[in-house]
Amino acid sequence: MASIGFVGLGNMGGPMARNLLKAGHQVKAFDLSAAATDAAGKAGAGVAASAGEAAKGVEAVVSMLPAGQHVRQVYTGKDGVLDSAGAGTLLIDCSTIDVDSARAVAAAAKAKGLAMLDAPVSGGTVGAEAATLTFMVGGEEAAFARAEPILKCMGKTVVHAGAAGAGQAAKICNNMILGISMIAVGEAFVLAEKLGLDKQKLFDIAAKSSGQCWSLTTYCPVPGPVPTSPANRDYRPGFTADMMVKDLRLAQQAAQGAGLGTPLGAAAASLYGLFCAAGNGALDFSGIIKMIRGKG
Ligand code: NAD
């Protein structure tokens, strides 16, 4: 079993750190929020006074932070993880951040002789609690092989996506498909309502036709056809619209950096932005159908 520093103990990081403890690892935890650090301490973790301290004398560091600026600060800031981690410490950032920050921090780690992986997740807080997350991992093969048994304590599926930044690229490309397809399915159901077509009939036909997709058959945005979808519980998340808009904006930032136009991705980012600005950010992202109906 390994000794692991854990930085960022919020809605995702808190339960992920607990799952490392449950699997028998030693965890040294730090969060800017004293309450979050104390909670990890009560669950059996050692408590560190800074990110740098959490990274001292451990075999691996795992971080789960809000955005690129926090990851840059925790790793490359004064007395941060890169200043403190000993030779051979494996660094794994699980936050969802921009590809450029992921690559820049991995390069800074490499310059100090440390291997670093970007390993964003899907599966949300339910997956974090149940240790069923999917990890999409970018970085060198040898580092991935060392990380896999650690990540398996917090998730079910661990995929090596490619070199540094490839995990973040996979996450935002997948979520761009999801954001666009949820709007498409929502528009189709609202059009069906206007045309007098029964929603169950549309579901039964489209689920067996070329309109079939995950947003339709697993996460249907109208109540009824898929009883487990958030539409059946007033769009309680699930995956919040705030999280979707964050990921769609990261996808737009990456597309602009790559000189690529993604007009549907851009439209989805702007529609989700409007939906959240109207006070719906805490709803499940499939609630965008309310705005399509003109009731958001
Ligand atoms: P959160 O806001 O609940 O937790 C983030 C934690 O990081 C907070 O406790 C905060 O105090 C801490 N933090 C911020 N700056 C810090 C610093 N400099 N040093 C130490 N701690 C610091 O967020 P979350 O929901 O746990 O999400 C974390 C990441 O996971 C995000 O990048 C998010 O996009 C991604 N993600 C979240 C979900 C989800 O459903 N919540 C799903 C997939 C991916």
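This one's a predicted model, so the numbers in the text were calculated from it and none came from an experiment.

Peer 1: An account of helix α2 (residues 34–42) is requested, with residue identities and associated values reported.
Peer 2: Looking at α2, one finds that the buried residues are A36, T37 and A40. Buried residues in α2, looked at end-on, bunch into an arc of 100°, giving them a common side. Relative to its buried face, α2 has exposed residues pointing more than 90 degrees away, namely A34, A35 and K42. On its buried face, α2 is in contact with α1 (13–22), β2 (26–30) and β3 (46–47).

Peer 1: Help me get a handle on the domain arrangement of the chain, residues and values and all.
Peer 2: Here the domain parsing of the chain yields domain 1 (3–163) and domain 2 (169–292). Here the C-alpha centroids of domain 1 and domain 2 sit 30 Å apart. Together domain 1 and domain 2 conceal approximately 720 Å² of surface at their shared face, both sides included; 66% is due to carbon and sulfur atoms. Interface area lost by domain 1 to domain 2 is led by T96, V99 and M136, which between them contribute 51%. Linking domain 1 with domain 2 are zero salt bridges. Summed over the shared surface of domain 1 and domain 2, the number is three residue pairs in polar contact (both at pLDDT 80 or more). Tallied by class, residues from the side of domain 1 that touches domain 2 come to seven nonpolar, two polar and one charged.

Peer 1: Go over the environment of A49 with me, naming the residues and quoting the values.
Peer 2: Within the secondary structure layout, A49 lies in the loop between β3 and α3 (51–55). Remark: the alpha-carbon pair of A49 and T157, spanning 108 residues in sequence, is separated by 32 Å.

Peer 1: Describe the side chain of D118, listing the residues and the values that go with them.
Peer 2: Within the secondary structure, D118 is located in strand β6 (residues 116–118). We note that D118 is buried and unpaired, the nearest opposite charge coming from R103 at a distance of 7.1 Å. Polar contacts involving the side chain of D118 include one to the main-chain amide nitrogen of Q168, which spans 3.0 Å. Setting aside anything within four residues of it in sequence, one finds D118 in contact with D93, A102, M136, V137, G138, G139, A164, G165, A166, G167 and Q168.

Peer 1: Describe the pairing of β2, listing the residues and the values that go with them.
Peer 2: As paired strands, strand β1 (residues 3–7) and β2 are joined by five bridges and run parallel to one another. Bridge pairing links V7 to F30 in β2. Running through α1, the crossover from β1 to the neighbouring parallel element β2 is right-handed. Each parallel crossover has a hand, and the one from β2 via α2 to β3 is right-handed.

Peer 1: Describe the side chain of T37, naming the residues involved and giving the relevant values.
Peer 2: Looking at where T37 falls in the secondary structure, it is placed in helix α2. On the basis of relative accessibility, which here comes to 5%, the residue T37 falls in the buried class. Within the structure, T37 has its side chain in polar contact with the backbone oxygen of D31 (distance 3.0 Å). Setting aside its immediate chain neighbours within four residues, T37 contacts L9, A29, F30, D31, V47 and A48.

Peer 1: Let's hear about the site of the ligand: which residues, and what values?
Peer 2: What surrounds the ligand is a group of 22 residues, the closest being N11, M12, D31, L65 and K246. Within the backbone of M12, an N or O atom sits 2.8 Å from an oxygen atom of the ligand. At 3.3 Å from a nitrogen atom of the ligand is found a main-chain nitrogen or oxygen belonging to L32. Here the ligand has 830 Å² of accessible area as a free molecule, and 85% of this is covered by the chains. Those elements that place two or more of their residues in the shell around the ligand are α4 (68–76), α7 (124–130) and α12 (241–257). The leading source of residues in the shell around the ligand is α4, at three residues. Residue classes in the shell around the ligand are distributed as ten nonpolar, nine polar and three charged. Counting contributing residues per domain, the shell around the ligand is built from domain 1 (3–163) and domain 2 (169–292), each supplying no fewer than three.

Peer 1: Give a description of α12 that names residues and reports values.
Peer 2: The end-to-end C-alpha separation of α12 is 24 Å, in line with the 24 Å expected for 17 residues at 1.5 Å each. Buried residues of α12: A241, M244, V245, D247, L248, L250, A251, Q252 and A255, and no others. Tucked into the core, α12 has its buried residues touching α9 (166–195) and α13 (263–280). At the C-terminal side of α12, G259 shows a positive phi close to 70°.

Rules of the game
- Residues numbered from 1 in each chain as written.
- Predicted model: local features only at pLDDT ≥ 70, side-chain atom pairs only at ≥ 80, totals over all residues.
- Heavy atoms only, no water.
- Buried < 20%, exposed > 50% of the residue type's maximum accessible area, 1.4 Å probe, protein only.
- Helix = DSSP H or I, 4+ residues; strand = E, 2+ residues; numbered from the N terminus.
- Arc of directions from axis to C-beta.
- Contact = heavy atoms within 4.5 Å.
- Domains from an automatic or database assignment.
- Buried area = accessible area lost by both parts, 1.4 Å probe.
- Salt bridge = Lys/Arg side-chain N within 4 Å of Asp/Glu carboxyl O.
- Polar contact = N/O pair within 3.5 Å; in protein donor to acceptor, adjacent residues only side chain to side chain.
- Nonpolar A, V, L, I, M, F, W, Y, C, P; charged D, E, K, R; others polar.
- Lys, Arg positive; Asp, Glu negative; His and termini not counted.
- Pairing = 2+ DSSP bridges.
- Right-handed = clockwise from strand over helix to strand, strands pointing away.
- Near = heavy atom within 4 Å.
- Areas by Shrake-Rupley, 256 points an atom, 1.4 Å probe, with all protein chains shown as cover.
- Expected span 1.5 Å × (residues − 1).

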